[in-house]
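Structure at a glance
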Amino acid sequence: MILEGKPTRSIRRTDDGEGCVILDQRQLPWAVKWVELRDVDAAAVAIREMWTRGAPMIGATAAYGLAMALAVDPSDTALDAAYEQLHATRPTAINLRWALDAVRSAVAPLPPEQRAEAAFARADAIVEEDAQLCRAIGEHGLELFRELHAKHPDRPLNILTHCNAGWLATVDYGTATAPIYLAHDAGIPVHVWVDETRPRNQGALLTAFELRNHGVPHTVIADNAGGLLMMKGQVDAVVVGTDRVTANGDVCNKIGTYLKALAAADNQVPFYVALPYTTFDPNTATGAEIPIEERNAEELTRLTGLGSDGAIETVRVTDSPAANPAFDVTPARLVTAYITERGVLETI
């Protein structure tokens, strides 16, 4: 995708091939800062403390983290320890476990001296595949957007999205944003309503940053404004990403997604979920079985932004106790369709 006028991916190998480079998303949109991860501890911190986030990106970063661990110690003991360390960082997104399993399966049969190279190769393949999957999601979503725009060809297509399911959350294109970018590039007039996405404001900080860099018209709105916009006929579709979809089609995504689905159903607005196969979890029957991550309350009680002096600063907005569940579950009955690399599916 486009960053500062140049095609960019959100993760890559270091020049010497011994680590990976990611964007520090905590700095965006105020500063573009690339960070080198050189060992498994750094990869674990980057995932847990949300230097990087988004289910596919978490998986890619973890895959490189496991490879870096094996470059230091390729033993079975070190492999298992690194796997558990990385797996414990974020319990909700299924791509994390999927990527770790993929790397472990690739290296387990090999002699120790071959493991690190094979692990890096598998991590590279995960990164490349994710970009291809997201491109395919975008192409299928583009056809859907053409149909939606044909219903009102005299005005822009208004899409509402929640959180960040863009190229910052994947390797390239994004999931929910892939059809938006491809539609914009194809000349379809698209306007995006961007939920601010409290408490970490991934929409206001990250999705808006992406759309701005790509030249896509967009407007940041308060999280609670979406229902009113739908009621007024100003939303043609809701499109979100997901951290996990269960066997019955329930969707786990950033907290607040469920409320958007309820509003969409009440106003007959289609609600679409974009995901690659790596985010589908056939081993979990329903959303009720998904562990919901409870994050630090300070994410809610404090806000970070750009001060009047141009410096990034954090302020406290309440001194009361706070709870901070990071995800909710949208029942499959509220999902109009799933936009996947295989096509637009009414059932998963």
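Higher on the page you've got the structure.
Here's a quick rundown of the structure.

**Quick notes on the sheet that holds strand E12 (residues 271–274)**
Working definition: the strands of a sheet are paired by backbone hydrogen bonds and lie parallel or antiparallel to each other. Strand order in the open sheet formed by 7 strands is E8-E7-E6-E9-E12-E17-E18, with mixed pairing between adjacent strands. Each having just a single partner strand, strand E8 (218–221) and strand E18 (343–345) make up the two edges of the open sheet. Strand-to-strand, the axes of this sheet are offset by a mean angle of 25°, without reference to chain direction. Pairing between E12 and strand E17 (residues 337–340): 3 bridges, direction parallel. In the strand pairing of E17, Tyr272 is matched with Ala337. In the packing of helix H5 (residues 112–151) onto the sheet, contacts are made with strand E6 (157–161), strand E9 (237–240), E12, E17 and E18, and the angle to E17 comes to roughly 135°. Packed onto the sheet, helix H7 (residues 202–214) meets E6, strand E7 (190–195) and E8 and runs at close to 160° relative to E7.

**Some words on the packing of aromatic side chains**
The full count for this structure, using the stated rule, is 2 aromatic pairs. Geometrically, the ring pair formed by Trp98 and Tyr277 is edge-to-face, given 6.0 Å between the ring centres and 90° between the ring planes. Placement of the pair is Trp98 in helix H4 (residues 94–107) and Tyr277 in the loop between E12 and strand E13 (280–281), with a sequence separation of 179 residues. Residue classification places Tyr277 among the partly exposed positions, given a relative accessible area of 38%. Positioned above the aromatic ring of Trp34 is the side chain of Arg12, whose terminal nitrogen or guanidinium carbon lies 4.7 Å from the ring centre.

**With respect to the pattern of salt bridges**
Applying the stated criterion to the full structure yields 19 salt bridges. The partner of Arg13 in a salt bridge is Asp124, and the shortest N-O contact between them spans 2.6 Å. Note that Arg13 is positioned in strand E3 (residues 11–13) and Asp124 in helix H5, a separation of 111 residues in sequence. Among the residues examined, Arg13 registers a relative accessible area of 26% and is labelled partly exposed. Across the pair Asp16 and Arg38 runs a salt bridge whose closest N-O atoms are separated by 2.7 Å. Note that Asp16 is positioned in the loop between E3 and strand E4 (20–23) and Arg38 in the loop between strand E5 (34–37) and helix H1 (40–48), a separation of 22 residues in sequence.

**Structural notes on the packing of helix H6 (residues 178–185) against H7**
Between H6 and H7, the shortest axis-to-axis distance is 11 Å and the interhelical angle comes to 20°. Considering the angle they form, H6 stands roughly parallel to H7. Of the two elements, H6 crosses H7, and the hand of that crossing is right-handed. Residues Ile180, Tyr181, His184 and Asp185 of H6 lie in contact with H7, whose contacting residues are Glu210, Leu211 and His214. Its residues assigned to classes, the contact of H6 with H7 shows 3 nonpolar, 2 polar and 2 charged.

**Comments concerning the side chain of Glu299**
Checked against the element boundaries, Glu299 lands in helix H10 (residues 298–301). Judged by relative accessible area, Glu299 falls into the buried class, the value being 12%. Polar side-chain contacts of Glu299 include one of 2.7 Å to the side chain of Arg295. Apart from the residues within four sequence positions on either side, Glu299 is in contact with Met50, Arg198, Pro199, Arg200 and Asn324.

**Some details on the packing of helix H2 (residues 55–72) against H5**
Axis angle and axis distance: for two packed helices, these are the angle between their axes and the distance between the axes, and together they describe the pair. Packing of H2 against H5 leaves a shortest axis separation of 8 Å and a crossing angle of 170°. By the angle class used here, H2 and H5 are roughly antiparallel. Contacts between H2 and H5 involve Pro56, Ala60, Ala63, Tyr64, Ala67, Met68, Leu70 and Ala71 from the first element and Arg115, Ala116, Ala119, Phe120, Ala123, Asp124, Ile126, Val127 and Asp130 from the second. Split by residue class, the contact of H2 with H5 holds 14 nonpolar, no polar and 3 charged.

Reading the values: rules and limits
- Residues numbered from 1 in each chain as written.
- Predicted model: local features only at pLDDT ≥ 70, side-chain atom pairs only at ≥ 80, totals over all residues.
- Heavy atoms only, no water.
- Pairing = 2+ DSSP bridges.
- Helix = DSSP H or I, 4+ residues; strand = E, 2+ residues; numbered from the N terminus.
- Axes fitted to C-alpha atoms, helices over the stretch in contact; angles between N-to-C directions.
- Contact = heavy atoms within 4.5 Å.
- Phe/Tyr/Trp six-rings, centres within 6.5 Å; stacked < 30°, edge-to-face > 60°.
- Buried < 20%, exposed > 50% of the residue type's maximum accessible area, 1.4 Å probe, protein only.
- Lys NZ or Arg CZ within 6 Å of the ring centre and 35° of its normal.
- Salt bridge = Lys/Arg side-chain N within 4 Å of Asp/Glu carboxyl O.
- Parallel < 35°, antiparallel > 145°, perpendicular 65-115°, else oblique.
- Left-handed = near helix turned anticlockwise from the far one by under 90°.
- Nonpolar A, V, L, I, M, F, W, Y, C, P; charged D, E, K, R; others polar.
- Polar contact = N/O pair within 3.5 Å; in protein donor to acceptor, adjacent residues only side chain to side chain.

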